[in-house]
Amino acid sequence: MSVVPFTLSRLPTLSRSTVDRQETLRTNPERLRSRWSDAQVMLLDKQLRTPVRRGEPVLATRKALTFGAEPPAEAAFLGEWQGVDYWTVPGEPDGDAEIVEVPGSWGVAEEAPLADGELWVTLRAHGDQLDDTAAGLFTTAQALRVWHRQARHCVRDGSPTHLVQFGWASKCEACGREEYPRTDPAIICLVHDDEGVNGEQVLLARQPVWPPGRYSVLAGFVEAGESLEGCCVREIREEVGADVHDVRYLGSQPWPFPRSIMLGFTARADASRALIPADGEIEEALWVPRADVRAAFEANGSPVPMLDGAGELQLPGNSSIARVMLEAWAYADRG
């Protein structure tokens, strides 16, 4: 069997979605208001947590009429799924929840438990444990909420703004200028060595603020006037001193922490050249054999000792595209 360049074997966690965003309805207030009584609302608190049903893959949404006869000013329309409109509004934990069941698998560590059986969970920690519908709603809701916090004043004259298009634009109260949610592009690049089609080692690094043993692939923000491929080359050279080639696109994932989209690439580099970690940004960089990466996956999140005695290895969390990229590379030879 011939070996082919690896590709992502599954969608990154936060790229999953089933909801139709129904963009044209954002400028159709009559239609949205007419369906408000049957809509469901997803809450996000000040910590950007949302309630789910304890022990189940369930979003604990509220009936829209709980918030009034029509959408409140701070409401944002998320889209439609199976005949139901979904919205998000700011909200804090309370004891009254209508539970809307969302099918899918579950297995969640508790966070902010409440007496009524709800758990308020974060997207970063629990996005991978939601099904496609819930993951898409949560990701979109958080991206909008973060932007709402940052869009309260006009970038032209500093005047206050208010939300229009049901949460998808802000309008200056003085000059009328409209702004739309920003997404900052960032590349994330899995670099492997030149051995064979998919290499035998992967370049991993750790930041000083990470816990011991935690490593990931390299990433960085795209600069003004820069191509995505050019950003891969520049960032990896700046962060670890490696010159990469054969840059190839893999896939993408929204990353609303606070407003990025991660664009996944792979590239090759000469593993015999010394790595030079960027001072203050990269604590350590090293080439890791495929066997060590597989062992880390099989450890289900626990650190594992590396075969050459270089220390322990712990991979990125399940909500990150980095994990999907590493999984695809580690098992590329298994088809």
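Remember, it's a predicted structure, so these values are computed and weren't measured experimentally.

Enquirer: Even after reading the chapter, I still don't get the nonpolar core, so can you show me in this structure?
Expert: One broad rule of soluble globular proteins: the nonpolar side chains tend to lie buried together. Ranked by internal contacts, the top residues of the largest apolar core, which has 52 residues, are Leu190, Val202, Leu204, Val288, Val293, Leu313 and Leu326. The biggest single contributor to this core is helix α6 (residues 321-330), with eight residues. Both of domain 1 (23-151) and domain 2 (184-331) provide at least three residues apiece to this core. In contact with leucine 326, not counting residues within four places along its chain, are Leu190, Val202, Leu204, Val217, Val293, Phe297, Leu315 and Pro316. Of all hydrophobic cores here, the second largest spans 20 residues; its members include Ala205, Leu218, Leu263 and Trp287.

Enquirer: It is not clear to me how α6 should be interpreted in this structure. Could you clarify?
Expert: An α-helical turn contains 3.6 residues, so a residue and the one three or four places further along point in the same direction. When you tally the buried positions in α6, you get nine out of ten residues, the bulk of the element. Within the sequence span of α6, burial applies to Ile321, Ala322, Arg323, Val324, Met325, Leu326, Ala328, Trp329 and Ala330. Buried residues along α6 sit against β12 (184-192), β13 (201-206), β15 (244-255), β16 (260-269), β17 (284-289) and α5 (290-298). Measuring from the backbone nitrogen of alanine 322 back to the side-chain oxygen at the start of α6 gives 3.0 Å, which picks out serine 320 as the cap.

Enquirer: Looking at this model, I keep getting lost on the pairing of β15. Mind explaining?
Expert: The side chains of a regular strand alternate, first on one face of the sheet and then on the other. One ladder, built from nine bridges, connects β15 with β16; its direction is antiparallel. In the strand pairing of β16, tyrosine 249 is matched with phenylalanine 265. Linking β15 back to β16 in an antiparallel pair, the connection comprises four residues.

Enquirer: Mind showing me how you'd approach the pattern of salt bridges here?
Expert: Any two side chains of opposite charge can pair, so long as their charged atoms come close to each other. One pass over the structure, following the stated rule, counts 20 salt bridges. Put simply, arginine 35 and aspartate 85 hold a salt bridge, and the shortest N to O gap is 3.2 Å. Residue arginine 35 is found in the loop between α1 (29-34) and β1 (40-44), and its partner aspartate 85 is found in strand β6 (residues 84-90); the two are separated by 50 residues along the sequence. Residue classification places arginine 35 among the partly exposed residues on the basis of a relative accessible area of 26%. Judged by relative accessible area, aspartate 85 falls into the buried class, the value being 2%. Note that arginine 273 and aspartate 243 form a salt bridge whose closest N and O atoms lie 3.1 Å from each other.

Rules behind the numbers
- Residues numbered from 1 in each chain as written.
- Predicted model: local features only at pLDDT ≥ 70, side-chain atom pairs only at ≥ 80, totals over all residues.
- Heavy atoms only, no water.
- Core = buried A, V, L, I, M, F, W, Y, C linked by side-chain atoms within 4.5 Å.
- Buried < 20%, exposed > 50% of the residue type's maximum accessible area, 1.4 Å probe, protein only.
- Helix = DSSP H or I, 4+ residues; strand = E, 2+ residues; numbered from the N terminus.
- Domains from an automatic or database assignment.
- Contact = heavy atoms within 4.5 Å.
- Polar contact = N/O pair within 3.5 Å; in protein donor to acceptor, adjacent residues only side chain to side chain.
- Pairing = 2+ DSSP bridges.
- Salt bridge = Lys/Arg side-chain N within 4 Å of Asp/Glu carboxyl O.

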